[in-house]
Amino acid sequence: MSTMENIPYSELEVGTAASFSKSLTEDDLVLFARISGDVNPVHLDEAFARDTPFKGRIAHGMWTGSVISAAVATVLPGPGTIYLEQNLQFRRPVRPGDEITVQLTVTGKLDDAKRHVSLDCQVHNQEGVLVAKGDARVIAPEWKVRLEKPVLPEIRIG
């Protein structure tokens, strides 16, 4: 089993950075549509999506946003972090089969009493193309924790 460890507020510094990667599978795309209720055919119907400006299916923008959330929750600052705000601009489409990498960088420690931290969020695909960018504000954990990552059940579409 793998572990995850946070970086508490007292250990964070401006410039602290970390990354997190995830590939978009067909099952992820369908499950995200199911969970969110967003069944826009640009995500699910190749014939429909071919006639759009994207010339093929694309991920839900908020799927990319959820990968940023995973990076915040599991790597920087990590377990125990509370999300407060996210500003996000989608720059290029993410397609089934793409692997995206979220790069998070601490840009400020905003309130020592409340442990508020600002993060720069950059998301690139496997070709290094910027697909999304923005910034977030979070409450960093107060103390250090190291936990085993939960093993989630396999989910199959079919």
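Residues numbered from 1 in each chain as written. Predicted model: local features only at pLDDT ≥ 70, side-chain atom pairs only at ≥ 80, totals over all residues. Heavy atoms only, no water.

Draft legend 1. Up close: helix α4 (residues 61-74). The terminal C-alpha atoms of α4, which comprises 14 residues, lie 20 Å apart, in line with the 20 Å expected from a rise of 1.5 Å per residue. The secondary structure elements touched by the buried residues of α4 are β2 (17-23), α1 (26-36), β3 (82-90), β4 (99-111), β5 (116-124) and β6 (130-139). (Helix = DSSP H or I, 4+ residues; strand = E, 2+ residues; numbered from the N terminus. Expected span 1.5 Å × (residues − 1). Contact = heavy atoms within 4.5 Å.)

Draft legend 2. Main features of α1. Residues Asp28, Leu29, Phe32 and Ala33 constitute the buried set of α1. Along α1, the residues classed as buried sweep out an arc of 135° about the axis, all on the same side. In α1, the exposed positions that point more than 90 degrees away from the buried face belong to Arg34 and Ile35. The positive-phi residue at the C-terminal boundary of α1 is glycine 37, with phi of around 85°. (Buried < 20%, exposed > 50% of the residue type's maximum accessible area, 1.4 Å probe, protein only. Arc of directions from axis to C-beta.)

Draft legend 3. Geometry of the sheet that holds β2. Across the sheet, 5 strands lie side by side as β2-β4-β5-β6-β3; this open sheet has antiparallel pairing. Looking at the sheet topology across the chains shown, the edges are occupied by β2 and β3. Strand-to-strand twist across the sheet, computed as the mean angle between neighbouring axes with direction ignored, equals 20°. Looking at chain direction, β5 and β6 are connected through 9 bridges and run antiparallel. (Pairing = 2+ DSSP bridges. Axes fitted to C-alpha atoms, helices over the stretch in contact; angles between N-to-C directions.)

Draft legend 4. Broad picture of the side chain of asparagine 6. Looking at the element boundaries, asparagine 6 is found in the loop between β1 (3-5) and β2. Of the residues examined, asparagine 6 reaches a relative accessible area of 1% and is grouped as buried. A polar side-chain atom of asparagine 6 sits 3.0 Å from the main-chain carbonyl oxygen of proline 79. From its side chain, asparagine 6 meets the backbone nitrogen of valine 145 in a polar contact 3.0 Å long. Discounting residues that sit within four places of it in the chain, asparagine 6 has contacts with Pro77, Gly78, Pro79, Pro141, Trp143, Lys144 and Val145. (Polar contact = N/O pair within 3.5 Å; in protein donor to acceptor, adjacent residues only side chain to side chain.)

Draft legend 5. Spatial organisation of the side chain of histidine 116. As for its position among the elements, histidine 116 is in strand β5. At a separation of 2.8 Å, a polar atom in the side chain of histidine 116 contacts the side chain of arginine 137. Leaving out residues up to four positions away in the same chain, histidine 116 has contacts with Tyr9, Leu84, Gly108, Lys109, Leu110, Asp111, Arg137, Val138 and Ile139.

Draft legend 6. Highlighting the nonpolar core. Judged by nonpolar contacts, the single largest core of 28 residues is most densely connected at Trp63, Leu104, Val117 and Leu119. When contributions to this core are tallied by element, the ones reaching two or more residues are β2, α1, α4, β4, β5 and β6. The element contributing the most residues to this core is α4, with 5 residues. (Core = buried A, V, L, I, M, F, W, Y, C linked by side-chain atoms within 4.5 Å.)

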